[in-house]
Amino acid sequence: RVLAGRAPDLAGRHVVISAGGTREAIDPVRFIGNRSSGLQGYALARTAVARGAEVTLVSANVALPDPAGAKVVRVESAHELREAVLDAARVGGAGDGDARVGSDGADAVVMAAAVADFRPDRWSDTKIKKSSAEPDPIHLVKNPDVLAELGALRRGALERGGREPYPRVIVGFAAETDDVLANGRAKLARKGCDLLVVNQVGEGLGFGTPDNAAVVLCADGGAVEIQRGPKEDLADVVWDLVAERLS
Ligand code: CTP
Ligand code: CA
């Protein structure tokens with residue numbers, strides 16, 4: 001695919017993209033994971049580079065070649081992903097929950113990664129052996145919600161009178177199987193993001209497939225429908241909407 005020839009409308013912009021799926025360790029050889037391939041996040045990274053952006057790609061357990069021209073940060077768990085995203089976006093920091101208000105924050109953060117909602121409450125540092133007894137149950141605890149945290153940090157900075165809180169554009173992804181639009185709208189509001197890409201899962205679409213179909217819900221009430229097509233096309237629509245909001 002030739003991406004050259006596109007106007008570099010993201011030149012001078014720093015964008016942070018998370019891709020792939022987190023793994024939550026049970027012991028040194030086992031984890032709880034998900035089926036995210038990273039294809040959509042990597043397509044977002046390639047298209048952003050092609051449009052002139054400075055790209056940091058936070059990549060969770062993906063078997064894909066590094067996109068040329070992007071800075072790739074590898075993570076495994078939701079906690080590692082959170083650290084890497086907040087660090088790359090330069091929000092949070094000092095541990096005081098304070099969003100930085102300045103010119104060094106990321107212009108946009110796109111959370112394409114499938115982040116585990118839960119993790120086992122304990123981790124065995126040696127391999128768990130089977131024995132004649134019944135296995136112990138795995139108890140789960142909640143992971144941080146990175147997207148919601150980004151929205152809350154920015155909202156806090158705005159309320160304290162920040163002129164231009166970062167990230168200026170926050171984009172989430174959601175895969176919904178039923179009540180797609182209603183669930184998507186509620187999620188957009190709950191997370192405080194500007195755009196939510198709601199994927200239609202099933203019928204040969206979604207995880208691990210080269211194609212995607214989606215509706216992008218906008219916080220201003222609008223919606224953009226994206227017909228089934230390559231993940232690069234969906235990525236370009238996302239960047240169109242991001243560029244519009246940055247200009
Ligand atoms: N997300 C996140 N941190 C989490 C979970 C999700 O940042 N712990 C982000 C994802 O990267 C995605 C968006 O939130 O961009 C929506 O994820 P989704 O799983 O659809 O939302 P949840 O709030 O976890 O709701 P659900 O109960 O449907 O899983
Ligand atoms: Ca979830």
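Quick note: structure is the one above.
Predicted model only: the values in this text are computed from it and were never measured. (Residues numbered from 1 in each chain as written. Chains lettered and ligands numbered in written order. Predicted model: local features only at pLDDT ≥ 70, side-chain atom pairs only at ≥ 80, totals over all residues. Heavy atoms only, no water.)

## Quick word on the overall build of the protein chain
This is how it is decided: The numbering of helices and of strands both runs from the N terminus, where a helix is a DSSP run of H or I of at least 4 residues and a strand a run of E of at least 2. Two things to know: the radius of gyration comes from C-alpha atoms, and the globule rule equals 2.2 Å times the number of residues to the power 0.38. Think of it in three bands: residues with accessible area under 20% of the maximum for their type are buried, residues over 50% are exposed, and the middle band is partly exposed, with areas taken using a 1.4 Å probe on protein chains only. What makes two residues a contact is simply this: any of their non-hydrogen atoms within 4.5 Å.
The helix and strand inventory of the protein chain stands at five helices and twelve strands. The C-alpha atoms of the protein chain give 18 Å as radius of gyration, which agrees with the globular expectation for 247 residues (18 Å, within 12%). For the protein chain, the C-alpha atoms occupy an extent of roughly 65 × 45 × 35 Å along the three principal directions. Residue burial in the protein chain is summarised as follows: out of 247 residues, 47% are buried. Taking all contacts inside the protein chain whose residues are at least 6 apart in sequence as the whole, residues at least 24 apart take part in 65%.

## Considerations on the packing of helix α1 (residues 39-50) against helix α5 (residues 231-246)
Put simply, the test is: A fitted line through C-alpha atoms represents every axis, and for helices the fit uses only the stretch in contact; the resulting angles, taken between N-to-C directions, go from 0 to 180 degrees. An angle below 35 degrees is read as roughly parallel, one above 145 as roughly antiparallel, one from 65 to 115 as roughly perpendicular, and any other as oblique. Left-handed describes a crossing whose near helix is turned anticlockwise from the far helix through less than a right angle; right-handed describes the clockwise counterpart. Here the nonpolar group is Ala, Val, Leu, Ile, Met, Phe, Trp, Tyr, Cys and Pro; Asp, Glu, Lys and Arg are the charged ones; every other residue, Gly included, is treated as polar.
Across the interface, α1 lies against α5 with an axial gap of 8 Å and an inter-helix angle of 60°. With respect to α5, the axis of α1 lies oblique. Where α1 crosses over α5, the two elements pack in a sense that is right-handed. Counting all contacts with α1, which are made through Leu-39, Gln-40, Ala-43, Leu-44, Arg-46, Thr-47 and Ala-48, the residues of α5 involved are Lys-231, Glu-232, Leu-234, Ala-235, Asp-236, Val-238 and Trp-239. Among the residues making up the contact of α1 with α5, the classes are represented as eight nonpolar, two polar and four charged.

## Observations regarding the pairing of strand β2 (residues 24-27)
The two faces of a sheet get side chains in turn, since along a regular strand they alternate between them. Going by this rule: We treat two strands as partners when DSSP finds at least two bridges between them.
Here β2 runs beside strand β3 (residues 30-32); their pairing, made up of three bridges, is antiparallel. Paired with Ala-25 across the strands is Phe-31, a residue of β3. In this structure, the hairpin formed by β2 and β3 is closed by a connection of two residues.

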